Amino acid sequence: MKKYLVYPFLVVSLIFLLGACSEQTKETTTTSKKEEVTDTKENNAAESSEKPTAQWSYEGETGPEHWGELDPLFSACIQGNEQSPINIEFSQVKTSEKLENIEIQYKPTPFSIVNNGHTVLANAVTPSNSIVVEGKEYKLVQFHFHTPSEHQFNNQNFDMELHLVHQDATGKLAVLGVMIQEGKENEKLAPVWDVLPKVETEKDTLIKEPVNLQTLLPSDQTFFQYNGSLTTPPCTEEVKWVVFEKPIEMSKEQIQAFQQIFPDNHRPVLHLNKREINKN
Ligand SMILES: [Zn+2]
């Protein structure tokens, strides 16, 4: 019972407090869980939209290379040294037998969909999906898309990238990234694509059918793991990234339907710096 009382609050806080990989960054503040819990004033301010916030985009003067200058809250975008996305150069990846497998516990669940002006995002309506990374459980909060892909493999982008954003009990984030390449129609995503909001929406719309994310993932679950950040302002770090090596497919029509709404909503790759990329 308690779980269900807490969860809607989590979702609401996330919507206002996370950037994004949460992408809901009209109101950007810190992502620290402590502050989420204690600073309800800030939440209210976010809700009333009175607080001025920097507008950001994917091109021109408010594009990725300027994010760090747009708002002091976005300073990590320019000053951080563990930023995402990155180019995953296969020859630099360390295969680690110690790297634990990720337990993915997804089942068909309801989602609501929104166009937040930066991406199309599906919010989890129930806390039913979770993953376990390094022994810690993270609940799925939302998933969304980028085109072209944000991560690169050996300097190559894919047509699109799916991000599944999870949060643990202390507010820390883990994001699963799945590359998408042109191929067969993806029927698992049809219920989502049927209701893609073409313009920015204020409210979520419930997707009629439950979405089964388990069947959407690549069957070969080889993944790369590294420590990174949100890929949109405020570019907050300490995000655990898990990027699947094998892509999934979507039809040309499905990809184009998204690109008609967002022709390009990707942040270019950032330096790896001293980080390691591990592979299971
Ligand atoms: Zn993302």
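Please read all numbers here as calculations on a predicted model, not as lab measurements.

Asker: Whenever I open this one, the overall build of the chain confuses me. Can you help?
Answerer: Each helix and strand in the chain was counted, giving 7 helices and 15 strands. Per-residue burial over the chain gives 53% buried out of 280 residues. In the chain, of all internal contacts separated by at least 6 residues, the share reaching a separation of at least 24 is 69%. Carbon and sulfur atoms form 50% of the exposed surface of the chain, whose accessible area is close to 13,300 Å².

Asker: Can you walk me through the packing of aromatic side chains in this structure?
Answerer: Any pair of aromatic rings gets described here by the distance separating the centres and the angle formed by the planes. Overall, the coordinates contain 14 aromatic pairs when judged by the stated rule. A centroid spacing of 5.3 Å and a plane angle of 75 degrees characterise the contact between Trp 56 and Trp 67, whose relative ring orientation is edge-to-face. Taken together, the positions of Trp 56 in the loop between α3 (40-48) and α4 (67-70) and Trp 67 in helix α4 put the pair 11 residues apart, joining distant regions of the chain. For Trp 67, a relative accessible area of 0% gives the class buried. One aromatic cluster is present, formed by Phe 111, Phe 143, Phe 145, Trp 193, Phe 258 and Phe 262 through successive ring pairs.

Asker: What is the right way to read the nonpolar core from this model?
Answerer: A general trend in soluble globular proteins is that nonpolar side chains are found buried together. Phe 143 and Leu 164 are the most contacted members of the largest nonpolar core, which has 40 residues in total. Not counting residues up to four positions away in its chain, the partners in contact with Leu 164 are Tyr 106, Leu 140, Gln 142, Phe 143, Ala 174, Val 175, Leu 176, Val 178, Leu 213 and Leu 217. One finds Ile 88, Leu 173, Val 175 and Phe 224 within the second-largest nonpolar core, a separate group that totals 17 residues.

Asker: When you look at the pairing of strand β9 (residues 160-167) in this model, what are you seeing that I'm missing?
Answerer: Note on strand geometry: in a regular strand, side chains alternate between the two faces of the sheet. Along β9, 8 of the 8 residues are buried, which leaves the element largely enclosed by surrounding structure. Residues Met 160, Leu 162, Leu 164 and His 166 point to one face of β9 and Glu 161, His 163, Val 165 and Gln 167 to the other, with burial holding for every one of them. Bridge count for strand β7 (residues 136-146) against β9 is 7 bridges, and the pairing is antiparallel. Pairing of Lys 139 across the sheet is with Gln 167, part of β9. Summarising the sheet, β9 and strand β10 (residues 173-182) pair through 8 bridges and their orientation is antiparallel. Bridging from a neighbouring strand, Leu 164 pairs with Leu 176 of β10.

Asker: Any chance you could explain helix α7 (residues 252-261) here in plain terms?
Answerer: For an α-helix, 3.6 residues make a turn, and residues three or four places apart therefore share a direction. Buried within α7 are the following residues: Gln 254, Ile 255, Phe 258 and Ile 261. Seen end-on, α7 carries its buried residues on one side only, within an arc spanning 120 degrees. Residues Glu 253 and Gln 260 are exposed on α7 and point more than 90 degrees away from its buried face.

Asker: Help me understand the state of the cysteines, please; the structure alone is not making it clear to me.
Answerer: Going through the model one piece at a time under the given rule, you end up with 1 disulfide. Here Cys 77 pairs with Cys 235 through a disulfide, and the sulfurs are 2.1 Å apart. Between Cys 77 and Cys 235, the S-S dihedral sits near 90 degrees, and the bridge is therefore right-handed. Within this pair, whereas Cys 77 is found in helix α5 (residues 76-79), its partner Cys 235 is found in the loop between β12 (223-229) and β13 (237-244), the two being separated by 158 residues in sequence.

Asker: Where do I start with the pairing of β10 in this structure?
Answerer: Along β10, 8 of the 10 residues are buried, which leaves the element largely enclosed by surrounding structure. Counted between consecutive antiparallel strands, the loop separating β9 from β10 contains 5 residues, among which Gly 171 sits at a positive phi close to 95 degrees. Alignment of β10 against β13, held across 5 bridges, turns out to be parallel. Each bridged residue has a counterpart across the sheet, and for Val 175 the counterpart in β13 is Trp 241. Strand direction decides the pairing type here: β10 and strand β14 (residues 248-250), joined by 3 bridges, are parallel. Residue pairing for β14: Gln 181 is matched across the bridge by Glu 249.

Reading the values: rules and limits
Counting of residues starts from 1 at the beginning of each chain's written sequence and follows it residue by residue. Residue-level local features of this predicted model are given only where pLDDT is at least 70; pairs of side-chain atoms are given and counted only at 80 or more, and the full residue set underlies all totals for whole chains, interfaces and linings. Side-chain calculation: all heavy atoms of the structure are included, whereas hydrogens and water are not. Strands are runs of DSSP state E lasting at least 2 residues, helices are runs of H or I lasting at least 4, and numbering of each runs from the N terminus. Burial classification: accessible surface area is computed with a 1.4 Å probe over protein chains only, and a residue below 20% of its type maximum counts as buried, one above 50% as exposed, and the rest as partly exposed. For this analysis, residues touch if any pair of their heavy atoms sits within 4.5 Å. A 1.4 Å probe and the Shrake-Rupley method give the accessible areas. Residues count as covered only by the protein chains that appear here. Here is the rule: rings of Phe, Tyr and Trp (six-membered ring for Trp) pair when centre to centre is within 6.5 Å. Planes less than 30 degrees apart are stacked, more than 60 are edge-to-face, and the remainder are tilted. Buried Ala, Val, Leu, Ile, Met, Phe, Trp, Tyr and Cys residues form a nonpolar core when they are joined through side-chain atoms within 4.5 Å. Note on pairing: two strands pair once DSSP finds at least 2 bridges between them. Taken from the helix axis, the directions to the C-beta atoms give the arc we talk about. The disulfide criterion used throughout: a pair of cysteine sulfur atoms within 2.5 Å.

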